[in-house]
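# Fold and geometry: a report
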Amino acid sequence: MLGIRRGHRPCAAGAAMSQRPIRLRAMTFDPALRDAAFSANAWPFEEARKLVARVEKTGQKQVLFETGYGPSGLPHIGTFGEVARTTMVRRAFELLTGGTISTRLIAFSDDMDGLRKVPDNIPNKDLIAAHLGKPLTEVPDPFGTHESFGAHNNARLRAFLDAFGFEYEFLSATQCYASGRFDRTLLFMLQRVEAIMEIMLPSLREERAASYSPFLPIHPETRVVMQVAIEKVDARAGTIAWRDPDTGKAFETPVTGGHCKLQWKPDWAMRWVALGVDYEMAGKDLIDSVKLSSAIARALDSTPPDGFNYELFLDEKGQKISKSKGNGLTIDEWLTYASPESLSLFMYQKPREAKKLYFDVIPRCVDEYLSFLDAYPRQDEKNRLGNPVWHIHSGAPPAPERISNEANGRGSGISFALLLNLVAVANAETKDVLWGFLKRYAPSASPATHPQLDALVGYAIRYYTDFVKPKKVYRAADADEIAALARLAGRLRALPPEATSEAIQEAVYDVARPIPRFQDMKAKGATPERPGVSNLWFNTLYQILLGEERGPRFGSFAAIYGLSETATLIDRALAGELIREHEAFVAKRAEG
């Protein structure tokens, strides 16, 4: 998965990163797959084809991708999304070009930005407050582990990206400015400063425009990043003259060697030009900024990078997620309840549409990922390139895990939805309990042979405990339902223990066929002698037995849970035990 290492959950904030072996696979360039890529509809290929046109025009032999990071805070789920999506475009481009054009991905840290406010989630706030306005790499580390706050957060970014196995090169703004890497472009910008001002001033309020300068000198005495008007520009000497607004003292500062930095829109353009960036995506909130930075890049006789603007995430109420509000879902929270692959799927799907990023989207993402992975081996080249798992796993998705209780059987995958319901009826609080049911159904399966399933079991237990169980709503059965459920319990007990999930499912259908309220004469193949069965029957089972409106395929659920256990579950539901137990749980939870 984009080089994701399997076996442990990566952590973003507060906890140490889990380490696990990297399983990077080299891209393969099958001719048939490459031919299919030129007409593939998946958005990474649409983006990659823009880059192919770019290199055909320029004749360049390398393409540079970039993502940016503001190290005033810790890496977050948006950081993951931008690097993951950029990597997807990178791999699509590599397939289209057959590996003949080398690629690089830079993770750039804006660590020379001045610290504007003291973050809420750090220790030693008083220590930091004394250094407001200074570059982040000159602010002491409140955690006491690195030489600066910027260095601390840069280390967290690199550990974060390393934990997911991303292939990237890290660049620090402070190091690039101080080393002289940006000097040539900075001097050129000083020569073109009037053109840059003509681009920027119309975008600013009158008060801001009066003192605006694209160059921000670092105060040689206080080390604060100064937001001051420039009194004189000496392009030949490569300096700017300015005055300290508090003391009135005049200074002349070189724009090179790390003595100045740029306002962020000119800085973005400068970076594109100095580094030769070919591709960078950005959030929809930065559309105007992309336009301004692109105009500045053109004023510097350069072509701005290709890219696109992705939509922002929404919380459960449909409001935009804000780091300061804390109204979203953190990457740690997602990875507590689901795999990194499911998070990559969320990032892959419809990046140009606003999406709700909250806990209730997790089960769907998990099961959709499993379905896509299961389908991949059966697909042709065209459909494989449209399958998200090709992009999630950089062209080499793993084989899907299956379990079977039949000798030499093809087997099937186990869905997250099924595991959630199995956790419910089994009252499972540990993996061992669920594995007891799974191994009884498929004796050859184990955590060692099915590591993906083992991880899924752990996710299901945690998700069920925190989100599913509190929201369950059981209901009592009416007279017709009582009779139908009693017949179903009898049929299940009459089946042989080794009955397949298909045989169990057919028995479930047969119980409902004679009952008018559950018949569906519009179902395919339905006849008066053999009516079809409506979804109302299965909804009834889910509501009464599982406290849910929807559920897994009932035959598969009963096969794994056990025929006798499922029949006993029906007995308990008809006796009112499930309702009483859940009412007691809700009451205890309300008491705190």
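Relevant structure appears above.
The structure contained in this document is the topic of the report that follows. No experiment lies behind these values; they were computed from the predicted model shown. (Residues numbered from 1 in each chain as written. Predicted model: local features only at pLDDT ≥ 70, side-chain atom pairs only at ≥ 80, totals over all residues. Heavy atoms only, no water.)

## Here's the deal with the overall build of the protein
Within the protein one finds 25 helices and 14 strands. With 592 residues in all, the protein has 52% of them scored as buried. At a minimum sequence separation of 6, the contacts of the protein that also span at least 24 residues come to 67%. Split by element, the accessible area of the protein, about 27,200 Å² in all, is 50% carbon and sulfur. (Helix = DSSP H or I, 4+ residues; strand = E, 2+ residues; numbered from the N terminus. Buried < 20%, exposed > 50% of the residue type's maximum accessible area, 1.4 Å probe, protein only. Contact = heavy atoms within 4.5 Å. Areas by Shrake-Rupley, 256 points an atom, 1.4 Å probe, with all protein chains shown as cover.)

## Concerning the pairing of strand 5 (residues 230-234)
Taken together, the four bridges between strand 5 and strand 6 (residues 239-243) define a ladder with antiparallel strand orientation. Residue pairing for strand 6: Asp-234 is matched across the bridge by Thr-239. (Pairing = 2+ DSSP bridges.)

## Focus: the sheet that holds strand 5
Pairing within the open sheet is antiparallel, and its three strands lie in the order 5-6-7. Edge positions in the open sheet fall to strand 5 and strand 7 (250-254), since each of these has one partner strand only. Taken pair by pair, the neighbouring strands of this sheet meet at an average axis angle of 20°, ignoring direction. (Axes fitted to C-alpha atoms, helices over the stretch in contact; angles between N-to-C directions.)

## Things to note about the environment of Gly-133
In this structure, Gly-133 sits in the loop between helix 4 (125-129) and helix 5 (149-163). The class for Gly-133 is buried, based on a relative accessible area of 18%. For the pair Gly-133 and Asp-113, spaced 20 residues apart in sequence, the C-alpha separation works out to 8.4 Å. Not counting chain neighbours up to four residues away, the residues in contact with Gly-133 comprise Gly-114, Leu-115, Val-224 and Val-225.

## Considerations on the nonpolar core
Core analysis: the biggest nonpolar cluster contains 127 residues, and Phe-45, Trp-334 and Trp-537 have the highest contact counts within it. Among the nonpolar cores identified, the runner-up in size contains 42 residues, and Leu-171, Cys-176, Ile-199 and Leu-292 belong to it. (Core = buried A, V, L, I, M, F, W, Y, C linked by side-chain atoms within 4.5 Å.)

## A look at the environment of Thr-87
Of note, Thr-87 is situated in helix 3 (residues 77-96). The class of Thr-87 is buried, set by a relative accessible area of 4%. Of note is the side chain of Thr-87, whose polar atom sits 2.8 Å from the backbone oxygen of Val-83. (Polar contact = N/O pair within 3.5 Å; in protein donor to acceptor, adjacent residues only side chain to side chain.)

## Here we look at the side chain of His-219
Within the secondary structure, His-219 sits in the loop between strand 4 (215-217) and strand 5. Accessibility expressed as a relative area gives 1% for His-219, which makes it buried. There is a polar contact of 3.3 Å between the side chain of His-219 and the backbone nitrogen of Thr-222. Reaching out from His-219, the side chain makes a polar contact with the side chain of Asp-244 at a distance of 2.8 Å.

## Observations regarding the packing of helix 23 (residues 554-561) against helix 24 (residues 563-574)
At their nearest, the axes of helix 23 and helix 24 sit 6 Å apart, and the two run at 110° to each other. In terms of their interaxial angle, helix 23 and helix 24 are classed as roughly perpendicular. Facing helix 23, whose interface residues are Phe-554, Phe-557, Ala-558 and Tyr-561, helix 24 presents Leu-563, Glu-565, Thr-566 and Leu-569. Taken together, the residues of the contact of helix 23 with helix 24 break down into six nonpolar, one polar and one charged. (Parallel < 35°, antiparallel > 145°, perpendicular 65-115°, else oblique. Nonpolar A, V, L, I, M, F, W, Y, C, P; charged D, E, K, R; others polar.)

## Section: a negative patch on the surface
A cluster of acidic residues, Asp-30, Asp-35, Asp-380 and Glu-381, forms a negative patch on the protein surface. Within the secondary structure, Glu-381 is located in helix 15 (residues 381-386). (Patch = residues over 30% accessible without salt bridge, like charges linked within 9 Å, V, L, I, M, F, W, Y side chains within 5 Å. Salt bridge = Lys/Arg side-chain N within 4 Å of Asp/Glu carboxyl O. Lys, Arg positive; Asp, Glu negative; His and termini not counted. Charge placed at Lys NZ, Arg CZ, Asp CG, Glu CD.)

## Thoughts on the sheet that holds strand 3 (residues 169-172)
Ordered in space as 1-2-3, the three strands form an open sheet in which the pairing is parallel. Either end of the sheet is taken by a strand with one partner, and the two such strands are strand 1 (62-69) and strand 3. Strand after strand, the sheet turns through a mean of 30° between neighbouring axes, direction not considered. In this sheet, strand 2 (residues 102-109) lies alongside strand 1 in parallel orientation, the contact comprising eight bridges.

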